[in-house]
Amino acid sequence: LLSGQRVPTEAGRTVLLESDSPVGPFVDKIAPLFLPAEDEYVVDPHVFADDDGKHYLYYGVIRPGWTPTEAPTMVRGISADLQTVSPTAQVALGGPYAPWEKSPNADWPVIEGANILKRNGLYYFFYTGGAWFDSTYAVGYAVGTSPLGP
């Protein structure tokens, strides 16, 4: 299990949790798995295992004060055992760009909840945008030919 927040003092840190049962209890395996920039928060980590054996870690990035087009979902390689991540990340999906992805009621923009599926050689990137607490919150998707986007 990957978590984007464990305790309030470590908000936005991605940690690897482990349990012998799917209902827990979970304990720290690696905390933190990687450190984002000092003023960034990482949300909604998701691992995608491609059929070529490569694994990818996707996560939303929030930085208070960003403009409405600066809340991307990032991607980096991760080992099959989920314990080692690539030292560099790249943008998998920029934005938010579409009007529905932005909420006038949120302090900062965010695209979150990444989930990747592969079908017939295409990668489907599902995500949410808008503000989770109002009617702007919705699900969108993008399609690409690579798990790295665009």
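Treat the numbers as computed from the prediction; the structure is a model and nothing was measured.

Quick notes on the rules
Residues numbered from 1 in each chain as written. Predicted model: local features only at pLDDT ≥ 70, side-chain atom pairs only at ≥ 80, totals over all residues. Heavy atoms only, no water. Helix = DSSP H or I, 4+ residues; strand = E, 2+ residues; numbered from the N terminus. Buried < 20%, exposed > 50% of the residue type's maximum accessible area, 1.4 Å probe, protein only. Contact = heavy atoms within 4.5 Å. Areas by Shrake-Rupley, 256 points an atom, 1.4 Å probe, with all protein chains shown as cover. Phe/Tyr/Trp six-rings, centres within 6.5 Å; stacked < 30°, edge-to-face > 60°. Pairing = 2+ DSSP bridges. Axes fitted to C-alpha atoms, helices over the stretch in contact; angles between N-to-C directions.

A few words now on the overall build of the protein. A count of helices and strands for the protein gives zero helices and 10 strands. Counting from the amino terminus, the protein carries its helices and strands in the arrangement β-β-β-β-β-β-β-β-β-β. In the protein, which comprises 150 residues, the proportion classed as buried is 41%. Taking the contacts inside the protein whose residues are at least 6 apart along the sequence as the reference set, 39% of them involve residues at least 24 apart. Within the structure as shown, the protein displays about 8,300 Å² of accessible surface, and the carbon and sulfur contribution to it stands at 55%.

Attention shifts here to the packing of aromatic side chains. Counted under the stated rule, the structure contains four aromatic pairs. A centroid spacing of 5.9 Å and a plane angle of 85° characterise the contact between Phe-48 and Tyr-123, whose relative ring orientation is edge-to-face. Taken as a pair, Phe-48 in strand E4 (residues 41–49) and Tyr-123 in strand E9 (residues 122–129) lie far apart in primary sequence, 75 residues in all. By relative accessible area, Phe-48 is classed as buried at 7%. Using a relative accessible area of 7% as the deciding quantity, one classes Tyr-123 as buried. Chaining the aromatic ring pairs together yields one cluster made of Tyr-58, Phe-125 and Tyr-127.

In this section: the sheet that holds strand E10 (residues 138–144). As summarised here, the arrangement of the three strands in space is E8-E9-E10, forming an open sheet in which the pairing is antiparallel. Both edges of this open sheet fall to strand E8 (112–119) and E10, since each of them pairs with a single strand only. Mean inter-strand twist for the sheet, computed between neighbouring axes without regard to direction, equals 20°. Pairing geometry for E8 and E9, over six bridges, is antiparallel. In the sheet register, Glu-112 faces E9, and the bridge partner there is Thr-128.

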